[in-house]
Amino acid sequence: MSKNKLLLIDGNSIAFRAFYAVQNYESFKTKTGLHTNAVLFFNNMLESILERESPTHVLIAFDAGKTTFRHGFFTDYKAGRSKTPGEFKEQMPYIRELIEAQGIKHYELMDYEADDIIGTMAKREANENCEVVIVSGDKDLTQLADDHIRVEVTSRGVSELVTYTPDFIQEKYGLKPLQIIDMKGLAGDSSDNIPGVTKVGEKTALKLLHEYGSVEGVYENIDELKKSKMKENLINDREQAFLSKKLATIDTDSPIEVEMSSLAYSGKDLDKLVPFYREMEFKQLLSKLDTSGMTGESETTEEIKFELVTSSSDITADMFSDEMSFYVEFLDKNYHNADIVGIAWGDTDKLFVVPGDEALHSTVLKEWLEDETKVKNVYDAKANYVLLNRYNIQLQGVKFDSLLGAYLIDTNDKSEDLADLAFNHEYFALETDETVYGKGAKLAIPEETVLADHLARKAKALTVLTPQLMEKLADKEQSDLFFEMELPLSKVLADMEIAGITVNAQRLQEMKQEFAIRLADIEKNIFEQAGEEFNLNSPKQLGVILFEKMGLPVIKKTKTGYSTAVDVLEQLKEQAPIVEDILTYRQIAKIQSTYVEGLLKVIHHDGKVHTRYVQTLTQTGRLSSVDPNLQNIPVRLEEGRKIRQAFIPRDPDWQIFSSDYSQIELRVLADIAKDQHMQDAFKEGQDIHTSTAMRVFGVPTPEEVTGNIRRQAKAVNFGIVYGISDYGLSQNLGISRQEAQTFIDKYFEKYPDIKTYMEEIVREAKDKGYVETLWHRRRYLPDINARNFNIRSFAERTAINTPIQGSAADILKIAMIEMAKRLKAEKMAATMLLQVHDELVFEAPKSEIPKLEALVKEVMENAVSLSVPLKVDSSTGNTWYEAK
DNA sequence: ATGATCACG
DNA sequence: ACGTACGTGATCATG
């Protein structure tokens, strides 16, 4: 009969070590906010020890209850321990679940510690035919070491183990294993609150034990000792020494009801472990699991079969079926001018790859792509529309977009690479683009077969991911959000991006000359006042001039030095005229570099700028705009606003038309908070800030609301939408925190339903781990139960703000889809060009403007039905500047 | 790559 | 007591 090997693990001590294996456990969290660091490191430690030892039997022992038999004779046993963090406690049930999924038994016994279970099992089972290995984070267990029992103690977290055999203990301490107990008797153990003898530590204890062998030996020969303080302490603490020894002695005869045969280890329980890893979001571990033996699981490594087509004339109709995945590869993020590296399409039965843009010259492919009845499942539909449009192909029949779907399921899942996305959804047979193409200067397209394999795998991944993602969307009630809102929107956005907006480069050139002269002028002025030349664009150098050379008071500091931000400079401008000039310089320099020069750089050959709306980025559901960002073109200050003069219609006979929602976020708030007062104000068409001013500040009539009071009310309304704090409001209004708090108190008194909404939404977020918009757009808030006040507060404000900002974003998206539909139905020439969060910008022939105005108003105001009316303001002009 | 600053809703 | 408003992107300087 072959020899057995029993592995005994001290569950509590390893779990504790695992928890502290990393400094920052906040980064190990599931999207619902559950910490997983201890589970993860426990798992890793367990797997490495199982691999190293190959045990035939395994048991993991835990402490049971708060007290043990040791408390019976020493109430302060283990007292004074700082209480275990909640982040650790919450993980203990999951560690037990992990152990079960790993196919291992765990055991605990009332009134006994894990040590006693281990000690009893070890002494009971260890013999010639059974080797015992004990693993703990605690050296106490080394007392059990003998010829058949080896004790492994973790060091450096849980990554390394130190082996304690009798020989090793002899070498290290000059003691036999059982004398470890005597050492504790004399030296004590602060972590378990074992007292030991006063002033006796490990060194003294060792000296005594080398001489007298045991605690008993020391006291039998106590008279031999020379008179000393130590001798006095030994005599005084005699009782304590024996008690300490008793406390440190592991009970090797505890009443354990575990049969060796029940501990037989036969490997992981994959049917439990896979779902468990998924719950813990251990993606790396999942990818390493060999799930081939599991029912319904795909294999981790797979050969992929595909047909490489190198000539467009070889593309034939029989290569297409009614539903297929379709993938277009391009490496330049800006798909408005990116080259196509290759395309791939296929389904579960077959895959086809064509390198380069060869395929796009195939009429067979074009016909399939443009056939609405042929279903395509893609990755980044919007990019596909834009890219194919450049080849005169009007893509139709897109049913699913994995990028868009994954984003809706979890907005944090911002996988720019299909491989990352696939990985996050447990599909592993795909390399990342960085691996295949390299990055930076090393970016290169590999040889044809390697490229083709990669692209085939992408198409294959889409085939696997599509049904999975669709199911996840359905589970979250997000099918309508996807199919009715986001996917149709991707086509609308593609058309807007393709349309582009015409920019008057000449106007920008004029401005550039003008600003250059002014900047040089101001710069000269500043250098004269400073008495030296320096880099005005460097906050660091500017800080030295202002706060060191000129001795101005430091109002605010940043991580790296003095703050020279606007609000700081505003406060300093009375004290030195240079500050006013710096502010002017900053303002003009910003306009010049970001807008004048920036825009000139991105004008295409068609005289237009073509932004890209990023549909899968923001946490709230808003769009973002890049290359160039057309959602932050200056408007507030006249100087910058002039930039808008450069945005013109495509034809002199056309005009720019702009419509924006009035107070959409506050209207959404009035609706979702069900606040009657706020709803009434909107229904009656009142100015909302004036209405707020009247209620909060007790002004009887609208006429008596002064500009200043309205300004304050407006700031309070903004604050409410952002998840108000007294500090934030005080900063915004330049008032004291106390005054700001008074405003907030009064506001909540007058709008109790708003207060209730805020409390409810935060409670809901804490409960569910996420918040939702009116159209089920979801944002997870893992920090909502954080112990750190700042982190938690931030998540609470986010919980308040996201449904408001996100629902408003949803409304504009719905309006955009309807608007595109209506423009087409009415066969209008008018074109939707830009979206700026609550505003839509069009260009249209002058003659069409009246019709457009009526249509846009109707569509936007009736896009959705809330308990308050939606209102839009519109304007027309020969440039965007004039359409205000 | 990161932080500071400043443009927008 | 804690130290902040919510959501973005581009540019410049600097490590």
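Up top is the structure these notes are about.
Residues numbered from 1 in each chain as written. Chains lettered and ligands numbered in written order. Predicted model: local features only at pLDDT ≥ 70, side-chain atom pairs only at ≥ 80, totals over all residues. Heavy atoms only, no water.

> Lay out the protein's contact with DNA strand C with the relevant residues and their values.
Contacts to DNA strand C come from 37 residues, most closely from S538, S624, N629, R779 and F794. Sugar plus phosphate: this is where 61% of the atoms of DNA strand C within 4 Å of the protein reside. Residue N629 places a side-chain N or O atom 2.7 Å away from a sugar or linking oxygen belonging to DNA strand C. Contact distances for DNA strand C include 2.8 Å between a base oxygen and a side-chain N or O atom of S725. For the surface near DNA strand C, the residue count by class is nine nonpolar, 20 polar and eight charged. (Near = heavy atom within 4 Å. Polar contact = N/O pair within 3.5 Å; in protein donor to acceptor, adjacent residues only side chain to side chain. Nonpolar A, V, L, I, M, F, W, Y, C, P; charged D, E, K, R; others polar.)

> So what's going on with the layout of surface pockets? Which residues, and what values?
If you add up the space inside the largest pocket, you get close to 1,600 Å³. Lining the largest pocket we find 46 residues, and of these V635, R636, V836, D838 and E839 sit closest to its centre. Looking at the lining of the largest pocket, the elements that each hand over two or more residues are helix 25 (577–601), helix 26 (638–641), strand 20 (654–661), helix 27 (664–672), helix 30 (707–722), helix 34 (789–825) and strand 25 (872–877). Per element, the largest residue contribution to the lining of the largest pocket is six residues, and it comes from helix 30. The residue makeup of the lining of the largest pocket, split by class, is 18 nonpolar, 14 polar and 14 charged. Lining the lining of the largest pocket are residues from two domains, each supplying at least three of them: domain 3 (502–609) and domain 4 (666–771 + 787–800). Taken as a whole, the second largest pocket holds about 1,300 Å³ of empty space. Per-element tally for the lining of the second largest pocket: the top contributor is helix 1 (residues 11–19), with four residues. For the lining of the second largest pocket, the residue count by class is eight nonpolar, 10 polar and 15 charged. (1 Å grid on protein atoms, 1.4 Å probe; cavity = no way out; pocket = protein on both sides within 12 Å on 5 of 7 lines; lining within 4 Å. Points joined across faces, edges and corners; volume = space filled by probe spheres on them. Helix = DSSP H or I, 4+ residues; strand = E, 2+ residues; numbered from the N terminus. Domains from an automatic or database assignment.)

> Quick rundown of the protein's contact with DNA strand B? Include the residues and the values.
Around DNA strand B sit 21 residues in total, of which T564, K590, V635, R636 and D838 are the nearest. Within the backbone of T564, a nitrogen or oxygen atom sits 2.7 Å from a phosphate oxygen of DNA strand B. Between V635 and DNA strand B, the recorded distance is 2.6 Å, taken from a backbone N or O atom to a phosphate oxygen. Broken down by element, the surface near DNA strand B gets its largest block of residues, three residues, from helix 25.

> Would you mind going over the packing of aromatic side chains in detail, with residue names and values included?
Across all of its chains, the model carries 28 aromatic pairs by this definition. Chaining the aromatic ring pairs together yields one cluster made of F320, F326, W345, F352 and W368. In this arrangement the basic side chain of R778 is found over the ring face of Y770, its NZ or CZ atom lying 3.8 Å from the centre. (Phe/Tyr/Trp six-rings, centres within 6.5 Å; stacked < 30°, edge-to-face > 60°. Lys NZ or Arg CZ within 6 Å of the ring centre and 35° of its normal.)

> Report on the sheet that holds strand 24 (residues 839–845), specifying residues and quantitative values.
With antiparallel pairing, four strands are arranged side by side in an open sheet as 23-24-20-25. The open sheet has two edge strands with one neighbour each: strand 23 (831–835) and strand 25. The mean angle between the axes of side-by-side strands here comes to 25 degrees, regardless of whether they run parallel or antiparallel. Pairing analysis gives seven bridges linking strand 20 to strand 24, with the strands arranged antiparallel. (Pairing = 2+ DSSP bridges. Axes fitted to C-alpha atoms, helices over the stretch in contact; angles between N-to-C directions.)

> Can you explain the nonpolar core? Please cite residues and give values.
W345, I643, F647, Y661, I754 and L852 are the most contacted members of the largest nonpolar core, which totals 189 residues. No other element matches helix 34, which puts 13 residues into this core. Not counting the four nearest positions on each side in its chain, I643 is found in contact with L508, M511, I591, Y595, V596, L599 and I633. The next biggest cluster of nonpolar side chains, apart from the first, holds 48 residues, and it includes V151, L206, Y212 and L234. (Core = buried A, V, L, I, M, F, W, Y, C linked by side-chain atoms within 4.5 Å. Buried < 20%, exposed > 50% of the residue type's maximum accessible area, 1.4 Å probe, protein only. Contact = heavy atoms within 4.5 Å.)

> I'd like a rundown of helix 20 (residues 448–475), residues and numbers included.
Structurally, the α-helix is built with 3.6 residues per turn, so residues lying three or four positions apart point the same way. Taking 1.5 Å per residue, 28 residues should reach 40 Å; helix 20 reaches 40 Å between its end C-alpha atoms and fits that length. L465 marks the point of greatest bend in helix 20, at about 35 degrees, and the proline P467 comes within the next four residues. Count one or two residues on from helix 20 and you reach E477, which has phi positive near 55 degrees. (Expected span 1.5 Å × (residues − 1). Bend = angle between axes of the 7 residues up to and from the residue.)

> How would you summarise the pattern of salt bridges if you had to cite specific residues and measurements?
Following the criterion strictly, the structure yields 57 salt bridges and no others. Across the pair K229 and E232 runs a salt bridge, and its minimum N-O distance is 3.5 Å. Pair noted here: K229 and E232 are both in helix 11 (residues 229–236), with a separation of three residues, about one helical turn. Residue class for K229 comes out exposed when judged on its relative accessible area of 57%. Looking at E232, the relative accessible area reads 41%, which means it is partly exposed. A salt bridge links E861 to K857, with the shortest nitrogen-to-oxygen separation between them at 3.2 Å. Within this pair, E861 and its partner K857 are both found in helix 35 (residues 849–861), separated by four residues, close to a single helical turn. Residue K857 is classed as partly exposed on the basis of its relative accessible area, which comes to 38%. (Salt bridge = Lys/Arg side-chain N within 4 Å of Asp/Glu carboxyl O.)

> Got a sec to walk through the pairing of strand 4 (residues 130–136)? Specific residues and values, please.
The element strand 4 is extensively covered by neighbouring structure, given that six of its seven residues are classed as buried. As paired elements, strand 1 (residues 4–10) and strand 4 share six bridges and run parallel to each other. Opposite L8, over in strand 4, you have I134 as the bridge partner. Bridge count between strand 4 and strand 5 (residues 149–155): five bridges; the pairing is parallel.

> Give a description of helix 8 (residues 179–187) that names residues and reports values.
Buried residues dominate helix 8, accounting for eight of its nine residues. Among all positions in helix 8, only Q179, I180, I181, D182, M183, K184, G185 and L186 are buried. In this structure, the buried side of helix 8 is in contact with helix 7 (166–173), helix 9 (202–212), helix 10 (215–220), helix 11 and helix 12 (238–248). Looking one or two places after helix 8, you find G188, whose phi comes out positive at around 75 degrees.

> Please provide a residue-by-residue account of empty space enclosed by the protein, values included.
Overall, the coordinates contain four cavities of 30 Å³ or more when judged by the stated rule. Estimated volume of the largest cavity: approximately 50 Å³. Lining the largest cavity are R70, Y77, E113, D115, D140, D192, I194, L247, A248, T249 and I250. A breakdown of the residues in the lining of the largest cavity according to their chemical character gives five nonpolar, one polar and five charged.

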